[in-house]
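Survey of secondary and tertiary structure
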Amino acid sequence: MTNGFVSRGIGFCILITVLAAGCHSRSKNIRIDPVRTYGDARITLRQAAEDPDPQVRMKALEALAAAEGPSAGTIMLQSLRDDYAPVRSAAAMAIGDVRYGPAKPVLLEMIKDTDDHPKLKCAMIYALHRLGDDSCTGQLGGMIRHKDKWVRATAAMVMGRMGEPSAKAPLKSLQRTDHDPVVQLQVVEALAQLGDERSLVLLEAFTKSQYMEDRIIAVQSLGRLANARSVFILRQLLKDGNQEPAVRIAAAGSLARMGEQVETDLLLKAVTDPDKVLRKFRGKDASIRSMEVTSLRVIAILAMEYVPEPTATDVLAPFLRSPEGAVRVATAKTLLRLLRAYKSSVDPTDRLKTTKPKKEKDKDSDHPASIRLHSAGGKD
């Protein structure tokens, strides 16, 4: 995930010297220039969509969909031609999320050649469904029975994201017969998105999983459900000093997403010194991998997106220049939300000049052992 520093394009966005009165009132506690920082975050995120690392490109596309919506559609459309199949999948999901209409004819043509990439086909089916074309939607029924667990999980994720109540029956059937943990968690999350009350209980069970990745996914899902039981569960996790810091911070982020007040001390410490936070929990002589440090920082940065912390923008801005691609993407996404009041002050015609990403071997089945499939939110 380590990449070179952000291109020299950062810092050259147009500085608007005359701000609206409302912007002045919002910026009284902000030391950084909010207009310039908003522009830098926007540039950083768009550059990340062309990063040499395909994992960074995938994260950038997801973040662009959440932070910029259809205005980033041309980048998503371009990414449908990426050399790496999972990036094409991320682009299709992003297009579906924002309903970027100009991509529809491209998707209709490309989906004809996706038989060798079933996960990519699932993503394209989702995008087409969101654009009003259900000519291929029926194929998802067969994909949730695919021999590859990742295809089954992806199909379940897509069915949940579509929001169609008719998907409950096939998903519950899969839940009864498929006992793979990856598929089970994704089915529970999908059913929860479709309003299945029993799935809330199952999500609560996953917050007690022996695998931290499962607990984080469950915590993020509970935050999207936004009900009284979710709040109670998340509060308990946040208070639990025996929980890994990443789980507690993810719980704080989910609570903040639902409009609940949370203390920011732990989040800010995890952003600025995640290694220290981990050692305080595990012991000063504990063996801590660099990817764990990066992951905790990313989770904390994303949690700050919904926390009304006056110093957040000042703390986060330097991380736009992090050598870690995942950190840059998370920071840019969070800053774009925190500084959204200044969006109109940034020239929307800014265009980037970036180098062409390195070509990657086209693979559709590469899955790092530490990553579990999930439907939204940044997970490392």
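What this report covers is the structure whose coordinates are included nearby. (Residues numbered from 1 in each chain as written. Predicted model: local features only at pLDDT ≥ 70, side-chain atom pairs only at ≥ 80, totals over all residues. Heavy atoms only, no water.)

**Points about the pattern of salt bridges**
Under the defined criterion, the tally for this structure stands at 20 salt bridges. One salt bridge connects Arg229 with Glu204, and the closest N-O pair in it is separated by 2.8 Å. Of this pair, Arg229 sits in helix H14 (residues 228-239) while Glu204 sits in helix H12 (residues 197-206); the two residues are 25 residues apart in sequence, bridging distant segments of the chain. Given a relative accessible area of 18%, Glu204 falls into the buried group. Arg289 is paired through a salt bridge with Glu292; the nearest N and O atoms lie 3.6 Å apart. The exposure class of Glu292 is buried, given its relative accessible area of 17%. (Salt bridge = Lys/Arg side-chain N within 4 Å of Asp/Glu carboxyl O. Helix = DSSP H or I, 4+ residues; strand = E, 2+ residues; numbered from the N terminus. Buried < 20%, exposed > 50% of the residue type's maximum accessible area, 1.4 Å probe, protein only.)

**Comments concerning the nonpolar core**
Formed by 119 residues in total, the largest nonpolar core has its most connected members in Met76, Ile95, Leu107, Leu140 and Leu171. The biggest single contributor to this core is helix H9 (residues 149-162), with nine residues. In contact with Leu140, not counting residues within four places along its chain, are Cys122, Ile125, Ala155, Val158, Met159 and Met162. (Core = buried A, V, L, I, M, F, W, Y, C linked by side-chain atoms within 4.5 Å. Contact = heavy atoms within 4.5 Å.)

**Some remarks on the packing of helix H13 (residues 212-225) against helix H15 (residues 245-257)**
In helix packing, the relevant descriptors are the interaxial angle and the interaxial distance, both defined with respect to the helix axes. It is at 8 Å that the axes of H13 and H15 come closest, and there the two elements cross at 10 degrees. It follows from the interaxial angle that H13 and H15 lie roughly parallel. Residue-level inspection shows Met212, Arg215, Ile216, Val219, Gln220, Gly223 and Arg224 of H13 in contact with H15, the latter providing Ala246, Val247, Ala250, Ala251, Ser254 and Arg257. Classifying every residue of the contact of H13 with H15 by side-chain character gives seven nonpolar, three polar and three charged. (Axes fitted to C-alpha atoms, helices over the stretch in contact; angles between N-to-C directions. Parallel < 35°, antiparallel > 145°, perpendicular 65-115°, else oblique. Nonpolar A, V, L, I, M, F, W, Y, C, P; charged D, E, K, R; others polar.)

**Observations regarding the environment of Pro105**
Tracing the backbone shows Pro105 in helix H6 (residues 104-110). Distance in space between the C-alpha atoms of Pro105 and Leu128 is 9.5 Å, their sequence separation being 23 residues.

**Description of the packing of helix H17 (residues 274-282) against helix H18 (residues 290-303)**
H18 packs onto H17 with a crossing angle of 105 degrees between their chain directions and a minimal axis gap of 9 Å. What the angle tells us is that H17 and H18 run roughly perpendicular. For the pair H17 and H18, contact is made by Pro274, Asp275, Val277, Leu278 and Arg282 and by Glu292, Val293, Leu296 and Arg297, respectively. Its residues assigned to classes, the contact of H17 with H18 comprises five nonpolar, no polar and four charged.

**Concerning H12**
An α-helix turns once per 3.6 residues; consequently, residues spaced three or four apart project the same way. Residues of H12 that are buried include every one of Ser199, Leu200, Leu203, Glu204 and Phe206, and no others. Projected down its long axis, H12 shows its buried positions confined to an angular sector of 155 degrees, all on one face. The exposed residues of H12 that point more than 90 degrees off its buried face are Arg198 and Val201. In this fold, the buried residues of H12 make contact with helix H11 (181-193), H13 and H14. (Arc of directions from axis to C-beta.)

**Considering the environment of Ala92**
The residue Ala92 is located in helix H5 (residues 85-98) in this model. According to the relative accessible area criterion, Ala92 is buried, its value standing at 0%. Sequence separation between Ala92 and Leu77 is 15 residues, and the spatial gap between their C-alpha atoms is 8.1 Å. Residues within four places of Ala92 in sequence aside, it is in contact with Leu80, Leu107, Ala123, Met124 and Ala127.

**With respect to the side chain of Asp196**
With respect to the helices, strands and loops of the structure, Asp196 is situated in the loop between H11 and H12. What makes Asp196 buried here is its relative accessible area of 11%. At a separation of 3.0 Å, a polar atom in the side chain of Asp196 contacts the side chain of Lys172. Among residues more than four places away in sequence, those in contact with Asp196 are Lys168, Lys172 and Leu191. (Polar contact = N/O pair within 3.5 Å; in protein donor to acceptor, adjacent residues only side chain to side chain.)

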